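Report on the structure
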Amino acid sequence: MDLNSASTVVLQVLTQATSQDTAVLKPAEEQLKQWETQPGFYSVLLNIFTNHSLDINVRWLAVLYFKHGIDRYWRRVAPHALSEEEKSTLRAGLITNFNEPINQLASGIYNFACSLWNHHTDTFLQQISSGSEAAILSSLERTLLSLKVLRKLTVNGFVEPHKNMEVMGFLHGIFERLKQFLECSRNIGTDNVCRDRLEKTIILFTKVLLDFLDQHPFSFTPLIQRSLEFSVSYVFTEVGEGVTFERFIVQCMNLIKMIVKNYAYKPSKNFEDSSPETLEAHKIKMAFFTYPTLTEICRRLVSHYFLLTEEELTMWEEDPEGFTVEETGGDSWKYSLRPCTEVLFIDIFHEYNQTLTPVLLEMMQTLQGPTNVEDMNALLIKDAVYNAVGLAAYELFDSVDFDQWFKNQLLPELQVIHNRYKPLRRRVIWLIGQWISVKFKSDLRPMLYEAICNLLQDQDLVVRIETATTLKLTVDDFEFRTDQFLPYLETMFTLLFQLLQQVTECDTKMHVLHVLSCVIERVNVQIRPYVGCLVQYLPLLWKQSEEHNMLRCAILTTLIHLVQGLGADSKNLYPFLLPVIQLSTDVSQPPHVYLLEDGLELWLVTLENSPCITPELLRVFQNMSPLLELSSENLRTCFKIINGYIFLSSTEFLQTYAVGLCQSFCELLKEITTEGQVQVLKVVENALKVNPVLGPQMFQPILPSVFRGIIEGERYPVVMSTYLGVMGRVLLQNTSFFSSLLNEMAHKFNQEMDQLLGNMIEMWVDRMDNITQPERRKLSALALLSLLPSDNSVIQDKFCGIINISVEGLHDVMTEDPETGTYKDCMLMSHLEEPKVTEDEEPPTEQDKRKKLLALKDPVHTVSLQQFIYEKLKAQQEVLGEQGFQSLMETVDTEIVTQLQEFLQGF
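The present account deals with the structure reproduced in this document. (Residues numbered from 1 in each chain as written. Predicted model: local features only at pLDDT ≥ 70, side-chain atom pairs only at ≥ 80, totals over all residues. Heavy atoms only, no water.)

Turning to the overall build of the protein chain, a few remarks are in order. What the protein chain contains, in helices and strands, is 44 helices and 2 strands. Its C-alpha atoms give the protein chain a radius of gyration of 39 Å, clearly above 29 Å, the size a compact globule of 907 residues would have. Considering only C-alpha atoms, the protein chain reaches an extent of 120 × 90 × 60 Å along its principal axes. Taking all 907 residues of the protein chain together, the buried fraction comes to 53%. A fraction of 73% describes how many contacts in the protein chain between residues 6 or more apart in sequence connect residues 24 or more apart. Surface accessibility of the protein chain: about 41,900 Å² in total, with carbon and sulfur atoms responsible for 50%. Distance between charge centroids for the protein chain: 5 Å, based on 76 positive and 116 negative side chains. (Helix = DSSP H or I, 4+ residues; strand = E, 2+ residues; numbered from the N terminus. Rg over C-alpha atoms; globule rule 2.2 N^0.38 Å. Buried < 20%, exposed > 50% of the residue type's maximum accessible area, 1.4 Å probe, protein only. Contact = heavy atoms within 4.5 Å. Areas by Shrake-Rupley, 256 points an atom, 1.4 Å probe, with all protein chains shown as cover. Lys, Arg positive; Asp, Glu negative; His and termini not counted. Charge placed at Lys NZ, Arg CZ, Asp CG, Glu CD.)

The structure is reproduced here in structure tokens:
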């Protein structure tokens, strides 16, 4: 049959065959029966039922005829068998038709796919003993392809797959097929294409189970028992000897782990709240994981899978850094056997810790005292058990007296310097690192620091790298005390720096750098005497790492902590530091994709610790405009950097960059979130605070929108609060600019200036509750009071509101002296106050000091609100006279007046 010409005819006959009229139906059925043996007929049917626009009844009939024909004519030996060419066409067409919207039509594709897979699988199993390698490979390829199709259909093709007998039949059949294929591996060489394809097929079987468990945990329940039996027998008994391979063992372990950890199989604390499906799965799990089974799994994991292999020991000797990278998680980490066994151990031990804790404690007990250095097997067994004790640290908290074990057993083992003992030296220091945050008495830390200093001088590189890791965990711990650590700081820092120079792999250098960073961060300024060597080495390392962006990220992190530790002395690093910041934050440079976040953080801490502005530091700000255009998640850090420049050198910075910055802000404000708007306005507010003269001029284009927002009653309280903070600064600290702004806005609103001012005061009073920060509340009171004294009728009309805000401000800031009974403004600062820094606190940065000096000039912190109110009221009284002033005061609520008088006692 020609596909194009026949499709129309066959479609017409199928349509007639769906008729209820027997006169039409019978001839159509007869015609279809005659076509059953015609070449091309099934390709036409495929073409019809994969056309989703056709009538469902017609498509359904096409599927039935298609299924019937495949069952009868697919086999090569069948009369009128389908040609190999048409079979290929049918396979290709079915594989592309996974988007079938009608379930009934899809349960037909699945049946065909199962038949196809079984056929190719049987063919392969027959050929494995007698066929040629080419024939075996061909049938194996077809088996693999059909299994890929079945995997997709099984996992993604059904909403409730457990209700489909064919699906569950296929899944149950996987275990027998897996056994057959594993046995076949005995007859195939270890190094050929067939072996590779066979192992891929075996892994694909396990992927079907893993994917199905992941997507349909309750449908998988009938498979739990069989999956566990199969996996445990092949991985933890002699059944698997000679047929299993590493990737298969990993997959089996993943299957066990997923069943053990699956939340769908874990009942609630109150069993009655759990679903029947959950309870059924839990029951199957509990019945399988008996004491003997768990004990055997635990012992085999530790005594067999945890043992360092010959290959690993060889790698340790020949490529110690490569060995370390593999151990800590190389690219293939998630697929390699060792980490998989460790994760399985952790999960099973956590789930069944009451059963397994005595087992592990018994294994520990048999290993007390030193081990004969001539007995390599005993050393490796002890290494494996110590590994288990480290992995199970949290579970063993109440069962192990770690402090005594550390003093009596572990410390002496660290002092055995024989070369064969190095796996145990490395394992013991790792083990201590695992227990540091679990259970380790603070008083023992100096003993540990002494041991770390010795191990950082060990002859073995792997031991030194592992020691550095434990050092990082130790200083990272919340019980870390600087005073205990300082006596060892110089030695440790020197040895870590030597290790950094010695290692050659990028991953290892990054690791050691992170340890150094962590130490610098914890001891802060105490690091200053010891960093000279590192400061000299980092530029060289930066240059060498040009092609290794992740190493450069580690260098940036180190520089961040270094700058924080050096404080103002970090200015000496600028010849190296500023070009690094420049490159890392330049969005036109490809490396910025990796370096930007850390580069911005470094830029910020450099500003915060800078004692003064330099032309080079000012020039780096040229990178900021493109960064603001990105509007990325780093925007908050960008705003902090801008504030840093304002606090550092407002005049020079604003004169150089404010015009461009203002343009960027105007663009940002059109599209940014509410939180982003607040961040922009805070920058403007800081500029006005630091430089009341230049600030308003430089950010003049933004201020009209702020004024408009106040007048129109901005609906977001946090934005309105920031608007009032900005306008309060202008009104209080630059009266002439405020007048010009008011004049400009009066023209825009086509209103009189006095009328507009009155509207602004009224909205300010109305929205005072939007302001939550005490500093801004006091600022509002000072700003509105600065309008007094006045004979302006509009201001006098709003006098009541101004006094209300002023009294609210007094309540915010005034504290009573219990000895004298008088009130004092708690926001006032004097030059004598110095922050008290405890040992655990970081010392103030240069920016902190600049903010303190700024606060000593800020009216909010230098002007007594109590005295300011008194002086303004007295001046207003002088303008209006006693009678006029009394009339004005009568507009204020009597309770407010009473509170005001109480605050002003003594004036």
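There's more to say after this.
Moving on: the side chain of asparagine 524. Mapped onto the elements of the fold, asparagine 524 is located in the loop between α24 (506-523) and α25 (532-544). Judged by relative accessible area, asparagine 524 falls into the buried class, the value being 12%.

On to unusual backbone geometry. At the junction of leucine 788 and proline 789, the peptide bond is cis and its omega measures out at -5° in the coordinates. Here proline 789 is to be found in the loop between α38 (774-785) and α39 (793-797). Even without being glycine, histidine 80 reaches a positive phi, approximately 60°. Here histidine 80 is to be found in the loop between α4 (56-73) and α5 (84-95). Residue asparagine 524 is not a glycine yet carries a positive backbone phi of 50°.

Attention shifts here to helix α40 (residues 799-813). Residues separated by three or four positions in an α-helix point in the same direction, a consequence of the helix having 3.6 residues per turn. Over its 15 residues, α40 runs 21 Å from end to end, which matches the ideal 21 Å to within 8%, given 1.5 Å per residue. Those residues of α40 not exposed but buried are Phe799, Gly801, Ile802, Ile803, Ile805, Ser806, Val807, Gly809, Leu810 and Val813. (Expected span 1.5 Å × (residues − 1).)

Taking 1.5 Å per residue as the helical rise, helix α31 (residues 635-671) with its 37 residues ought to reach 54 Å, whereas the 13 Å between its terminal C-alpha atoms falls clearly short. Where α31 bends most, at serine 649, the angle is about 125°. (Bend = angle between axes of the 7 residues up to and from the residue.)

Considered as a void within the structure, the largest pocket measures approximately 1,000 Å³ in volume. Lining the largest pocket are 39 residues, with Glu312, Glu327, Arg338, Pro339 and Glu342 positioned closest to its centre. A per-element tally of the lining of the largest pocket places helix α16 (residues 337-351) first, with 6 residues. Tallied by class, the residues present in the lining of the largest pocket amount to 15 nonpolar, 12 polar and 12 charged. Its volume calculated, the second largest pocket comes out at about 660 Å³. Forming the boundary of the second largest pocket are 26 residues, of which Phe647, Lys682, Asn686, Lys689 and Lys851 lie nearest the centre. When contributions to the lining of the second largest pocket are tallied by element, the ones reaching two or more residues are α28 (592-608), α31, α32 (674-690), α38, α41 (846-855) and α42 (859-862). Taken together, the residues of the lining of the second largest pocket break down into 7 nonpolar, 7 polar and 12 charged. (1 Å grid on protein atoms, 1.4 Å probe; cavity = no way out; pocket = protein on both sides within 12 Å on 5 of 7 lines; lining within 4 Å. Points joined across faces, edges and corners; volume = space filled by probe spheres on them. Nonpolar A, V, L, I, M, F, W, Y, C, P; charged D, E, K, R; others polar.)

Here aspartate 477 lies in the loop between α22 (461-476) and α23 (482-502). Overall, aspartate 477 belongs to the buried group, its relative accessible area being 5%. When residues no more than four places from it in sequence are discounted, the contact partners of aspartate 477 are Ile436, Ser437, Arg445 and Arg522.

Applying the stated rule across the entire model yields 37 salt bridges. We note a salt bridge from aspartate 460 to lysine 422, for which the minimum N-O separation is 3.4 Å. Of this pair, aspartate 460 sits in the loop between α21 (445-455) and α22 while lysine 422 sits in helix α20 (residues 422-435), and the two are 38 residues apart along the sequence. Given the relative accessible area of 6%, lysine 422 is considered buried. In this structure, the salt-bridge partner of glutamate 744 is lysine 748, at a minimum N-O distance of 3.4 Å. Of the two residues, glutamate 744 and lysine 748 both sit in helix α36 (residues 735-749), 4 residues apart, roughly one turn of that helix. When salt bridges with common partners are traced through the structure, they connect Glu141, Asp196 and Arg197 into a single cluster. (Salt bridge = Lys/Arg side-chain N within 4 Å of Asp/Glu carboxyl O.)

Geometry of an aromatic ring pair is reported as the spacing of the ring centres plus the angle between the planes. Counted under the stated rule, the structure contains 40 aromatic pairs. Ring geometry for phenylalanine 181 versus phenylalanine 205: centroids 5.3 Å apart, planes at 75°, classification edge-to-face. Placement of the pair is phenylalanine 181 in helix α8 (residues 165-184) and phenylalanine 205 in helix α9 (residues 193-215), with a sequence separation of 24 residues. Phenylalanine 205 gets classed as buried once you look at its relative accessible area, which sits at 0%. Here phenylalanine 621 and tyrosine 645 contribute two aromatic rings whose centre-to-centre distance is 5.1 Å and whose plane-to-plane angle is 75°, an arrangement assigned as edge-to-face. Within this pair, whereas phenylalanine 621 is found in the loop between α29 (615-619) and α30 (624-630), its partner tyrosine 645 is found in helix α31, the two being separated by 24 residues in sequence. Across the pair, exposure class does not vary: phenylalanine 621 and tyrosine 645 are buried alike. Among the aromatic residues, those joined into a cluster by ring pairs are Trp35, Phe41, Tyr42, Phe49, Phe66 and Tyr73. (Phe/Tyr/Trp six-rings, centres within 6.5 Å; stacked < 30°, edge-to-face > 60°.)

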